[in-house]
Amino acid sequence: MPDWTYQPLRGAAAAVLGLRRSQRTALRMLATIGSRPAGARLIARGFGHRHPPERLAGEVAGVPVAVRLGITVPPSLARDTVRAVSPLGAGVVEVAPVSAADIQTVREAADGRAIPVVARTCDPEVEAALKPHVDGFTGDDDPRVVHVSDPSVTAAATVLDEPGTVVLIRPGVLVAAGPGWFARVVEAATPTAPAPVLRDVGRDPRRWPAWWWALLVGLGMTGAGLGAAAITLGPVLLWYDRDYLGMTLHELHAANHHLVHFLQHDRITMAGTMVAIGALYTGLAVGGIRRGWPWAREVYLLSGAIGFPTLFYFLATGFVEPLHTATALVLFPMFVAGVRRAPQGPRWRLVAEGPEPERRRALVGQLLMILTGAGLFVGGAVISVVGLTDVFVPTDLTFLGTDAHTLEAVNPRLVPFLAHDRAGFGGALMSAAVAIVLLSAWGWRRGEAWVFWTLAAAGAAGFLPAVVVHGTIHYTDLIHLAPVYFGIILTGTALFLARPYLCAKASATAASSPS
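Just so you know, these numbers come straight off a predicted model, no measurement behind them. (Residues numbered from 1 in each chain as written. Predicted model: local features only at pLDDT ≥ 70, side-chain atom pairs only at ≥ 80, totals over all residues. Heavy atoms only, no water.)

1. Regarding the pattern of salt bridges
Pairing is possible between side chains that carry opposite charge, provided their charged atoms lie close to one another. If you walk through the whole model with that rule in mind, you get 18 salt bridges. For D204, the salt bridge goes to R207, with nearest N and O atoms at 2.7 Å. Residue R207 is classed as exposed on the basis of its relative accessible area of 63%. The partner of D241 in a salt bridge is R267, and the shortest N-O contact between them spans 3.5 Å. Here R267 lies in helix α13 (residues 259-289) and D241 lies in helix α11 (residues 239-245), a separation of 26 residues in the sequence. In terms of burial, D241 and R267 fall into one category: buried. (Salt bridge = Lys/Arg side-chain N within 4 Å of Asp/Glu carboxyl O. Buried < 20%, exposed > 50% of the residue type's maximum accessible area, 1.4 Å probe, protein only. Helix = DSSP H or I, 4+ residues; strand = E, 2+ residues; numbered from the N terminus.)

Below, the structure written as structure tokens:
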């Protein structure tokens, strides 16, 4: 489990299961998932962890390790620990102290390991018995092995700066700080360069960096959303809409007095979602990809991989909107360029650790934000399915005062026309939701104010137009709007709790505190 579930829920888990049992359950859960190759990859990728820089590689007791960072545990915890901590970013597990009674336990723990295991024992017979089963042995007097009981990320990163030094934490550090501790230390110990600025982009598009292309896509999505809103608040129907329907705006209004308002409410909500996507992509480009965060490119890629294919919803609705298609055709090559260009190296600047209560509150906010994004994704999927099948939900028909058959009798193309807007909105909402979930899961770090403002801008662009347009047209059914109100409450609470953490100011001391 990541820090954003571990810290907010650990108190409740301890109350239900007991403190020690809840801790062992969490460890065993990670061990069960991490012991399988697919599960280990899921943890490593799902937590946003990446390969540590080469300068953090080294050796312990003559054993090569990918990162000079690990954990020391008693034999009773060895088996679960060996299977759990490798996907979390640890490079070695030390089992200590090991006596003759622990030989079989250590053998079983080291069997099938995916991480180097070393043992510490004072008994030559125990060492001889374990030599075929573990990677090496450590001693009490090795000055290059530093055992740490302080959960300070800064302190551990400072020790790692010494070449050849290995940091081994005691279990209490992981219990107090959470499973994300290893990744936080690796980020703090990673050397970085200054982030590029606008004048570094140049005028030759062939040499434009990935972040610049991603920024253009974000600005393009924002402009397209504002344009869609302007059309909806102005003529509502463009020439190709009228040609497809064979009806004017006045004829639509005459067919059903609520129909034009219903069309506007769908399109304004869609426009707000497009602006929200634009805000998310702009933030990811400038704050994430430009500064070398590897996960930012993945957020951008996965969101776009869901959003762009929704253009093909026309295969089900039968209505091809030229402006929508043209926008997608212009933005998609830019999107591909933003994904294909080689990502920057580490160019972030981390902010010093702050009060632990501040981080704990921010983790609650992180959990709420992820839940909000997950809810939006489910809502978008439902809206897409409804748009591609029944088109209307019961509250829609109540507002319209009619049914789908009556509308089809007025004009057989009317329902497919409305279905296009409804399904497209669902696809855009899923695209935005993926970006919200992954940005919240991977980008929650102290001092990353761009994450706060990106999510705040996306939330405002997505929720406020939906509330305003529903109130304006008097479509105020509580059941219909309950998800919107709930989303506003969750988003507002999440950002309120996380603001001091995300918007903390940088100090002269370079440090780290990622979630």
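Now that the structure has been shown, the text picks up again.
2. Let's talk about helix α22 (residues 478-502)
Counted at 1.5 Å a residue, the expected span for α22 with its 25 residues is 36 Å, and the 33 Å between its end C-alpha atoms agrees. Maximum bend of α22: about 30°, positioned at F496, with proline P500 one to four residues after it. Listing the buried residues of α22 in full gives L481, V484, G487, L490, T491, A494, L495, A498, Y501 and L502. Packing partners of the buried residues in α22 comprise α17 (356-388) and α21 (449-472). (Expected span 1.5 Å × (residues − 1). Bend = angle between axes of the 7 residues up to and from the residue. Contact = heavy atoms within 4.5 Å.)

3. Things to note about the sheet that holds strand β6 (residues 136-138)
Whether parallel or antiparallel, the strands of a sheet pair through hydrogen bonds between backbone atoms. Ordered in space as β6-β5-β4-β3-β8-β7, the six strands form an open sheet in which the pairing is parallel. Strands at the two margins of the open sheet, each flanked by one partner only, are β6 and β7 (145-148). Going from strand to strand, the sheet's axes swing by 30° on average, the running direction of each strand aside. Sheet topology places strand β3 (residues 69-73) next to strand β8 (residues 166-169); three bridges connect them, and they run parallel. Counterpart to G70 in the pairing with β8 is L168. (Pairing = 2+ DSSP bridges. Axes fitted to C-alpha atoms, helices over the stretch in contact; angles between N-to-C directions.)

4. What to know about the environment of A224
Along the chain, A224 turns up in helix α10 (residues 210-233). Residue A224 is classed as buried on the basis of its relative accessible area of 17%. Every residue in contact with A224, bar those within four places of it in the chain, is listed here: M274 and T327.

5. Regarding the packing of aromatic side chains
Across all of its chains, the model carries 19 aromatic pairs by this definition. Judged by centre distance (5.3 Å) and plane angle (70°), the rings of F308 and F332 are edge-to-face. Placement of the pair is F308 in the loop between α14 (294-307) and α15 (314-317) and F332 in helix α16 (residues 322-340), with a sequence separation of 24 residues. Overall, the relative accessible area of 41% leaves F332 in the partly exposed class. With a centroid separation of 4.9 Å and an interplanar angle of 90°, the aromatic rings of F452 and W453 are classed as edge-to-face. A relative accessible area of 7% places F452 in the buried class. An aromatic cluster is present here, built from Y281, Y300, F308, F332 and F335 joined pairwise through their rings. Positioned above the aromatic ring of Y244, the side-chain terminus of R413 is 4.7 Å from the ring centre. (Phe/Tyr/Trp six-rings, centres within 6.5 Å; stacked < 30°, edge-to-face > 60°. Lys NZ or Arg CZ within 6 Å of the ring centre and 35° of its normal.)

6. Description of the pairing of strand β4 (residues 92-95)
Side chains V92 and E94 of β4 all project onto a buried face; the interleaved residues V93 and V95 project onto the opposite face, where all are buried too. Examined bridge by bridge, β3 and β4 share four bridges and lie parallel to one another. Along β4, the bridge assignment pairs V73 with V95. Running through helix α4 (residues 75-84), the crossover from β3 to the neighbouring parallel element β4 is right-handed. Pairing analysis gives three bridges linking β4 to strand β5 (residues 117-120), with the strands arranged parallel. Each residue of the ladder has a partner; that of V93, found in β5, is V117. For the handedness criterion, the β-α-β arrangement of β4, helix α5 (residues 103-110) and β5 is classed as right-handed. (Right-handed = clockwise from strand over helix to strand, strands pointing away.)

7. Some words on α13
Its 31 residues place the ends of α13 43 Å apart at the C-alpha level, agreeing with the 45 Å of an ideal helix rising 1.5 Å per residue. Burial analysis of α13 places 28 of its 31 residues in the buried class, the great majority of the element.

8. Things to note about the confidence of the model for the protein chain
Overall, the predicted model of the protein chain reaches an average pLDDT of 91, with 98% of residues at or above 70. Put simply, α15 is where the protein chain has its lowest mean pLDDT, 76, and α21 is where it has its highest, 97. In this model residues 508-515 is a low-confidence stretch, pLDDT under 50, and it forms 34 contacts with partners more than four residues away in sequence or in other chains. (pLDDT = per-residue confidence, 0-100.)

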